[in-house]
Amino acid sequence: MELLWSYYSVLIFTFIGLVFLFACLWYMYRRKKKEGNSYKLDNGTVVVTVFFIFLADYLFVIHLLDLPDVLANKTEQYKGNCEVSRLESRRTSYTMVHFGNYKVTFPLDYQGAKEGSYYCEVSYYPQTETGASLKLYDSRGQNK
C-alpha cells in the first residue's frame, strides 16, 4: 500500500507542477502584455520555467506509462539470485535490487533490506521498473 501511495503521489505532484508552471508562463505573458511589451519576456526566467516544465512532463509521462499496470495490479515477476544495494541521500533512501540487466527501485528503506546477495522474489512494474513487492531469502532458503 505504501508503494501505491508513493506512485500516486508522484503522479499527482508532477501533474500539479505542470499546471502551476504553465500558469506561471501564462501569468508572465499576460503581465508583459498589459505593460505593452509582451515580446520582452525575461529570457532567464522563461528558460528556467520551460526546463522545469520539461522535467515535470518527463516524470509525469514516465509514471503515466505504468498507470494501466498499477490500476490492474499487473506486475512482472522475477525469482532468482539478486544483489541488493542502497542509495542514500540527505532527504531519502532507496533500495535497489539488481538482477541481470534489470534494476528495480523501491522507494524508501524497503522492509529494512540490507545490502548483499540473496535469492529474491521481486514483483515490479515494467515501464518504470518500480518495485511492488520484495521477498529476500538467504542461501539456506530462510526468509530474511
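Throughout what follows, the structure given in this document is the object of discussion.

Cut-offs and rules
- Residues numbered from 1 in each chain as written.
- Predicted model: local features only at pLDDT ≥ 70, side-chain atom pairs only at ≥ 80, totals over all residues.
- Heavy atoms only, no water.
- Patch = residues over 30% accessible without salt bridge, like charges linked within 9 Å, V, L, I, M, F, W, Y side chains within 5 Å.
- Areas by Shrake-Rupley, 256 points an atom, 1.4 Å probe, with all protein chains shown as cover.
- Salt bridge = Lys/Arg side-chain N within 4 Å of Asp/Glu carboxyl O.
- Helix = DSSP H or I, 4+ residues; strand = E, 2+ residues; numbered from the N terminus.
- 1 Å grid on protein atoms, 1.4 Å probe; cavity = no way out; pocket = protein on both sides within 12 Å on 5 of 7 lines; lining within 4 Å.
- Points joined across faces, edges and corners; volume = space filled by probe spheres on them.
- Expected span 1.5 Å × (residues − 1).
- Buried < 20%, exposed > 50% of the residue type's maximum accessible area, 1.4 Å probe, protein only.
- Phe/Tyr/Trp six-rings, centres within 6.5 Å; stacked < 30°, edge-to-face > 60°.

**Overview of a nonpolar patch on the surface**
A contiguous nonpolar patch, built from Val48, Phe51, Phe52, Leu55, Tyr58 and Leu59 and spanning about 580 Å² of accessible area, is present on the exposed surface. Looking at the secondary structure, you find Tyr58 in helix 2 (residues 43–65).

**Concerning the layout of surface pockets**
Each pocket or cavity is described by its volume, and for the second largest pocket that value is around 170 Å³. Considering the residues around the second largest pocket, the lining is formed by Val10, Phe13, Thr14, Gly17, Leu21, Phe52, Leu55, Ala56 and Leu59. Among the secondary structure elements, those contributing two or more residues to the lining of the second largest pocket are helix 1 (2–35) and helix 2. Top contributing element to the lining of the second largest pocket by residue count: helix 1, with five residues.

**Description of helix 2**
The terminal C-alpha atoms of helix 2 lie 33 Å apart, and with 23 residues this matches the ideal 33 Å at 1.5 Å per residue to within 8%. Within the span of helix 2, buried status applies to Thr49, Ile53, Ala56, Phe60 and His63.

**Quick look at the packing of aromatic side chains**
Across all of its chains, the model carries six aromatic pairs by this definition. Considering the side-chain rings of Tyr119 and Tyr137, the 6.2 Å spacing of their centres and the 50 degrees angle between planes classify their relative orientation as tilted. Here the residue Tyr119 occupies a position in strand 4 (residues 116–125), and Tyr137 occupies one in strand 5 (residues 130–137), the gap between them amounting to 18 residues. The class of Tyr119 is partly exposed, set by a relative accessible area of 34%. Exposure remark for Tyr137: the relative accessible area of 17% places this residue in the buried category.

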